[in-house]
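# Analysis of the macromolecular model
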Amino acid sequence: MEGRAPSVVAAVVRDGQAVWADGWGAVDGRAPDADVQYRIGSITKIFTAVLVLRLRDEGLLALTDPLDKHLPGTVVGHATIGALLAHTAGLVAEPPGAWWERTPAELRPELTDLLGSDPQIHPAGQRHHYSNPGYALLGALVERVRGRAWGDVLRREVLEPLAMTRTTLLPVAPHATGWAVHPWADVLLAEPAVDTGLMAPAGQLWSTAADLAKLAAFLIEGDERVLHPDTVARMRAPMSPPETTGADNAYGLGLQLVRRDGRSLAGHTGSLPGFLATVWVSPEDALGAVVLGNVTAGLAVSALAADLLDTVAQREPRIPAPWRPLASVDPQLLNLAGPWYWGPATWVLRPSADGFLELAPLAGGGRGTRLRPLGDEEWEGLSGYFAGERLRIRRDAAGVVSHLDLGTFVFTRQPYDPTTPVPGGVDPAGWRPGQAP
């Protein structure tokens, strides 16, 4: 391992569990273990995004809503919640004034202190531009909708369900001290560990390798108590292009997305003066890796975490899980299972035990999607061409299902069923044999 750091801790997650952890260097005179806290910087943004998406899944807001609808009084109320999550709102990267990561919260007591008089530096939606104040506003949004402090909401809704008992707003012993290492001599300079106040949702948290291993498992599998796996999968979907043209990476909803050694990784890097951190997951391999160090610069934590994933994936490939039948299924959903036809093309609808549906062309590829239930025989597409579109069950006068309507695409039980409202109608002559040329 290259780089000079007082200490480093790393962990590997496989199939939902931490399977390895180790530490190098010293914290308080001994080698650190997976229970020692480090500051995790912008990994905090993952937690803020989770809290916002919980509000979305509860129907309390939409990602297309302008911020002003739920958090009036900011100078960027026109920015949509989804754009803030994906860093495409075009906002400045940092709040005005002194460097927020090394100065106390008292310098930014109000929301209006987070953005200067001209915070919009790019047209909204034009490009990805990382914005720390954007995530501070999202944290304030959570506070406004929930009516409680961001840290309290985080503890109740995410940290406690995931048993992340060593993730806190302020350090709790044992914890590492943040250090800067002199570029030309092996000497140290202590970094200040300030309370960032309103900027906390962008990078305040302290955590451990053990706790971040639980976060990694969550980013792979989801957890119904926090976010449904399909919502977590949506976090991992690209929502904006990379900042650097040609770079093989992107950004989802609160997650950085990179390609490394032919593998798609999701997670986040983090840094605050004195600390560097990374958590990466490879859902395809059911693997996660965490690296934490207490040094301002010079330690390649992101590359080290990616190397850990690659090493395990190469040397111990994942064994596929055995097939399991559904433990339960709604009989009405089961009646919808099987072939449906969009025109002459065969599609297959498959229900799952959680009430979700999967609809895809029988031949594969195409515009297949997974759909989440909304109630009243209605589902929302989660991926691909039909993401965000609504699927509705249509019934005839006798109450029998006649067809499915997905964003005006009509699916019938028979190809071009003349008894259903196929757009454009069905030739009354019906199907006929071909004619000789």
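A brief look at the structure comes next. (Residues numbered from 1 in each chain as written. Predicted model: local features only at pLDDT ≥ 70, side-chain atom pairs only at ≥ 80, totals over all residues. Heavy atoms only, no water.)

## A short note on the packing of helix α1 (residues 44-57) against helix α3 (residues 132-146)
Two measures define how a pair of helices packs: the angle their axes make with one another and the distance between the axes. We count it as follows: Lines are fitted to the C-alpha atoms to define the axes, a helix being fitted only along its stretch in contact, and any angle between axes, read from their N-to-C directions, falls within 0 to 180 degrees. Helical segments are the DSSP runs of H or I of at least four residues, strand segments are the runs of E of at least two, and each set is numbered from the N terminus. The scheme is simple: roughly parallel for angles under 35 degrees, roughly antiparallel for over 145, roughly perpendicular for 65 to 115, oblique for anything else. Take the far helix as the reference: if the near one is turned anticlockwise from it by less than a right angle, the crossing is left-handed, and if turned clockwise, right-handed. Only heavy atoms enter the contact rule, under which two residues are in contact if any of them lie within 4.5 Å. Note on residue classes: Ala, Val, Leu, Ile, Met, Phe, Trp, Tyr, Cys and Pro are nonpolar, Asp, Glu, Lys and Arg are charged, and everything else, Gly too, is polar.
Running from N to C, α1 and α3 cross one another at 40°; their axes reach a closest spacing of 10 Å. Judged by the inter-axis angle, α1 sits oblique to α3. Considering the relative orientation of α1 and α3, their crossing is left-handed. Here Lys 45, Thr 48, Ala 49, Leu 51, Val 52, Arg 54 and Leu 55 of α1 come into contact with α3, specifically with Asn 132, Tyr 135, Leu 138, Gly 139, Val 142, Val 145 and Arg 146. Here the contact of α1 with α3 is composed, by residue class, of eight nonpolar, three polar and three charged.

## Details of empty space enclosed by the protein
To be explicit about the condition: Only protein atoms enter the 1 Å grid, on which a cavity is a set of points fitting a 1.4 Å probe that cannot get out and a pocket is an open set with protein on both sides within 12 Å along at least 5 of 7 lines, lining residues being those with an atom within 4 Å of a point. Grid points are joined across faces, edges and corners, and a volume is the space filled by probe spheres set on the points.
Using the criterion set out here, one finds one cavity of 30 Å³ or more in the structure. What the largest cavity holds in volume is close to 40 Å³. Around the largest cavity sit Ala 83, Leu 84, His 87, Thr 88, Ala 89, Gly 90, Leu 91, His 129, Ser 131 and Gly 134, which together line it. Within the lining of the largest cavity, the residues separate by chemical class into four nonpolar, six polar and no charged.

## Notes on the packing of aromatic side chains
In plain terms, the rule: Each pair of aromatic rings taken from Phe, Tyr and Trp, with Trp reduced to its six-membered ring, is defined by centres within 6.5 Å and is described as stacked if the planes are under 30 degrees apart, edge-to-face if over 60, and tilted in the remaining cases. Note on geometry: a ring has a charge over it if NZ (lysine) or CZ (arginine) is within 6 Å of the ring centre and within 35 degrees of the ring normal.
Scanning the entire structure with this criterion turns up eleven aromatic pairs. In this structure an aromatic cluster arises from ring pairing among Trp 342, Trp 347, Tyr 385, Phe 386, Phe 409 and Phe 411. One residue, Arg 367, lies across the ring of Tyr 385, its end atom 3.7 Å from the ring centre.

## Quick notes on a nonpolar patch on the surface
For clarity, the threshold we go by: Patches were defined on residues exceeding 30% relative accessible area and lacking a salt bridge, with like-charge contacts within 9 Å and nonpolar side-chain contacts (Val, Leu, Ile, Met, Phe, Trp, Tyr) within 5 Å. To be clear on the numbers: accessible area is Shrake-Rupley with a 1.4 Å probe, and residue cover counts the displayed protein chains and nothing else. For this document, the term salt bridge refers to a Lys or Arg side-chain nitrogen within 4 Å of an Asp or Glu carboxyl oxygen.
A surface patch of nonpolar side chains, amounting to about 290 Å² of accessible area, comprises Val 19, Trp 20 and Trp 24. Inspection of the secondary structure assignment puts Trp 24 in strand β2 (residues 17-25).

## A few points about the pairing of strand β15 (residues 369-373)
Under the convention used in this document: Each residue's exposure class comes from its accessible area (1.4 Å probe, protein chains only) as a fraction of the maximum for that residue type: buried when under 20%, exposed when over 50%, partly exposed otherwise. One requirement defines pairing of two strands: DSSP has to find at least two bridges between them.
Among the five residues that make up β15, four are buried, leaving the element largely enclosed by the rest of the structure. The sheet contact formed by strand β14 (residues 357-361) and β15 spans three bridges and is antiparallel. Looking across to β15, one finds that Leu 357 is bridged to Leu 371. The sheet contact formed by β15 and strand β16 (residues 378-381) spans three bridges and is antiparallel. Bridging from a neighbouring strand, Pro 373 pairs with Trp 379 of β16.

## Topic: the sheet that holds strand β8 (residues 256-260)
Spatial ordering of the open sheet is given by β2-β1-β11-β10-β9-β8-β7, a layout of seven strands whose pairing is antiparallel. In this open sheet, the two edge strands, each paired with only one partner strand, are β2 and β7 (249-251). Neighbour-to-neighbour, the strand axes of this sheet turn through a mean angle of 20°, independent of strand direction. Both strand β1 (residues 7-14) and β2 contribute to a ladder of eight bridges, which runs antiparallel. Bridge pairing in β2 links Ala 11 to Ala 21.

Such coordinate-based values are descriptive only and should not be taken to indicate function.
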